[in-house]
Amino acid sequence: MNYLNKLERKIGRYAIPNLMIGMIAAYCIGFLLFRVNPGFFSYLTLSPYHILHGQVWRLVTWVLVPNSTNLFSLLIMSLLYYQLGSALERSWGTFRFNVYIFGGLIFTIIGSFLIYAGEYLLYGGSKAAIDSLLYSAGFNTSYINLSIFLAFAVMYPNMQILLMFIIPVKMKWMAAIYAVLMVYQCIQTTWTGRMTIVMSLLNFLIFFLSTRDFRRVSPKEIHRKQKFKSAMQEPKNRGALYKHKCAVCGRTELDDPSLTFRFCSKCEGNYEYCQEHLFTHQHIKRS
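Residues numbered from 1 in each chain as written. Predicted model: local features only at pLDDT ≥ 70, side-chain atom pairs only at ≥ 80, totals over all residues. Heavy atoms only, no water.

Novice: What is the right way to look at the overall build of the chain in this model?
Specialist: Across its full length, the chain carries 12 helices and 4 strands. In the chain, which comprises 287 residues, the share counted as buried stands at 35%. Put simply, 60% of the contacts in the chain that link residues at least 6 apart link residues at least 24 apart. Total accessible area computed for the chain in this model is approximately 18200 Å², and 64% of it derives from carbon and sulfur atoms. (Helix = DSSP H or I, 4+ residues; strand = E, 2+ residues; numbered from the N terminus. Buried < 20%, exposed > 50% of the residue type's maximum accessible area, 1.4 Å probe, protein only. Contact = heavy atoms within 4.5 Å. Areas by Shrake-Rupley, 256 points an atom, 1.4 Å probe, with all protein chains shown as cover.)

Novice: Is there a simple way to think about unusual backbone geometry in this case?
Specialist: Backbone phi values are negative for most residues with the exception of glycine, while trans is the configuration of most peptide bonds. In this structure, Asn-18 takes a positive phi of about 55° despite not being glycine. Looking at where Asn-18 falls in the secondary structure, it is placed in the loop between helix H1 (2–11) and helix H2 (19–36).

Novice: Sorry, what's going on with the pattern of salt bridges here?
Specialist: Between side chains of opposite charge, a pair can form when the charged atoms approach closely. Inspection of every chain in the model, using the stated rule, returns 2 salt bridges. Of the charged contacts, one joins Glu-8 and Arg-96 as a salt bridge, the two residues approaching to 3.9 Å between their closest N and O atoms. With Glu-8 in helix H1 and Arg-96 in helix H6 (residues 94–123), this pair connects stretches of sequence that are 88 residues apart. For Glu-8, a relative accessible area of 33% puts it in the partly exposed group. (Salt bridge = Lys/Arg side-chain N within 4 Å of Asp/Glu carboxyl O.)

Novice: Explanation requested: the environment of Tyr-273 in the structure shown.
Specialist: The residue Tyr-273 is located in strand S4 (residues 272–274) in this model. The class of Tyr-273 is buried, set by a relative accessible area of 2%. Along the sequence, Tyr-273 and Ala-247 sit 26 residues apart, while their C-alpha atoms lie 5.7 Å from each other. Excluding residues that lie within four positions of it along the chain, Tyr-273 makes contacts with Cys-246, Ala-247, Val-248, Thr-260, Phe-261, Arg-262, Cys-264, Cys-267, Leu-278, His-281 and Ile-284.

Novice: What is the right way to look at the packing of H2 against helix H5 (residues 71–92) in this model?
Specialist: Between two packed helices, both the angle of their axes relative to each other and the distance between the axes serve to describe the pair. Viewed as axis vectors pointing N to C, H2 and H5 meet at an angle of 165°, and their least axial separation amounts to 8 Å. The angle between the axes of H2 and H5 places the two elements in the roughly antiparallel class. By crossing handedness, the relation of H2 to H5 is classed as right-handed. Contacts between H2 and H5 involve Leu-19, Met-20, Ile-21, Ile-24, Tyr-27, Phe-31 and Arg-35 on the former and, on the latter, Leu-71, Leu-74, Met-77, Ser-78, Tyr-81, Tyr-82, Gly-85, Ser-86 and Glu-89. Classifying every residue of the contact of H2 with H5 by side-chain character gives 11 nonpolar, 3 polar and 2 charged. (Axes fitted to C-alpha atoms, helices over the stretch in contact; angles between N-to-C directions. Parallel < 35°, antiparallel > 145°, perpendicular 65-115°, else oblique. Left-handed = near helix turned anticlockwise from the far one by under 90°. Nonpolar A, V, L, I, M, F, W, Y, C, P; charged D, E, K, R; others polar.)

Novice: So what exactly am I meant to see when it comes to the packing of helix H8 (residues 142–155) against helix H9 (residues 171–188) here?
Specialist: H9 packs onto H8 with a crossing angle of 140° between their chain directions and a minimal axis gap of 9 Å. Of the possible angle classes, the one that applies to H8 and H9 is oblique. Crossing of H8 over H9 shows left-handed handedness. Each of Tyr-143, Leu-146, Phe-149, Leu-150, Phe-152 and Ala-153 in H8 lies in contact with H9, whose residues at this interface are Met-171, Met-174, Ala-175, Tyr-178, Met-182 and Gln-185. Of the residues assigned to the contact of H8 with H9, the class counts are 11 nonpolar, 1 polar and no charged.

Novice: Help me understand the side chain of Glu-89, please; the structure alone is not making it clear to me.
Specialist: Tracing the chain through its elements places Glu-89 in helix H5. A distance of 3.1 Å separates a polar atom in the side chain of Glu-89 from a polar atom in the side chain of Thr-94. For Glu-89, the residues in contact, after removing those within four places along its chain, are Ile-16, Pro-17, Asn-18, Leu-19, Thr-94 and Phe-97. (Polar contact = N/O pair within 3.5 Å; in protein donor to acceptor, adjacent residues only side chain to side chain.)

Novice: Got a minute to help me understand the state of the cysteines in this structure?
Specialist: A covalent bond bridging the sulfur atoms of two cysteines is what the word disulfide describes. Scanning the model with the defined rule gives 0 disulfides in all. Summary of cysteine pairing: Cys-246 is not part of a disulfide, and the nearest cysteine sulfur, belonging to Cys-249, is at 3.7 Å. For Cys-246, a relative accessible area of 1% translates into the label buried. There is no disulfide at Cys-264, and the cysteine sulfur nearest it, in Cys-267, is 3.7 Å away. On the basis of relative accessible area, Cys-264 is assigned to the buried category, the value being 11%. (Disulfide = S-S within 2.5 Å.)

Novice: For this particular structure, what's the right way to read the side chain of Asp-255?
Specialist: On the secondary structure map, Asp-255 appears in the loop between helix H12 (219–232) and strand S3 (261–263). No salt bridge forms around the buried Asp-255; measuring N to O, its nearest opposite-charge neighbour Arg-251 is 6.3 Å away. (Lys, Arg positive; Asp, Glu negative; His and termini not counted.)

Novice: Which parts of the structure should I look at to understand the packing of aromatic side chains?
Specialist: Each pair of aromatic rings is reported with the distance of its centres and the angle of its planes. In this structure the tally under the stated criterion is 5 aromatic pairs. Residues Trp-92 and Tyr-100 carry aromatic rings whose centres are separated by 5.1 Å and whose planes lie at 70° to one another, so their mutual orientation is edge-to-face. With a relative accessible area of 5%, Tyr-100 lands in the buried category. The interplanar angle of 80° and the centroid separation of 5.1 Å between the aromatic rings of Phe-149 and Tyr-178 together place this pair among those described as edge-to-face. Of this pair, Phe-149 sits in helix H8 while Tyr-178 sits in helix H9, placing them 29 residues apart in sequence. Residue classification places Tyr-178 among the partly exposed residues on the basis of a relative accessible area of 29%. In textbook terms, an aromatic cluster arises when at least three aromatic residues are bridged by ring pairs, as seen for Trp-92, Phe-97 and Tyr-100. (Phe/Tyr/Trp six-rings, centres within 6.5 Å; stacked < 30°, edge-to-face > 60°.)

Have a look at this one:
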């Protein structure tokens, strides 16, 4: 990922350290606002219609909307994602973690405007219909948090967490369950829901694909590995004593008792060959 290295050298000093603390603080502020006045949330949500009509603060304030209005669930979620996010920031570095999080936020905003544009064409600009669909799409940071969980599972697949504080489960199995649920949800929901899920998790998809080495599964690479393995394959029972050994393939009577070995009268030296290479080998001449 050379482009990230170049970008980090140019603007890496502007990266925000401990970004997860800022996100959790935003959830806490949103939770307090909800407790004080639940109707105030209607002025914070990500609504392209209102943004295009001057309420540009919604581009930022939608991050304040917590994933849960239950205090216990909010505390558990905050503790879990603080640990996961901090671990990823230590592994990747502050700049790359910033790119990952802000990338997810930006993709979500782009997804909301794409949905708005599509519904505008379908419903002819009916504000009530568009707002209803955008509300049902559910633009919040829940999928951003899920992308953090999935990225951590890719980085540390064998790390265990305690499900319900009791059952130890490896991260890779939890991530697999979440992936199945996301696929099922994409099948069951409307196209606006699919757009929301895909755009919100696009940062994870880019991260996952960019960290895969697809050359390992290319036909050329597979053929090269097979050829190398065949060329480097050593005979069995290497440390055991043997009487006969083929000068070409290295097999002995210990590898296959049915093999027949013969010396070649045309080779200059004491060279013995198995039945498969006795008449096909290249004769050895010292002079």
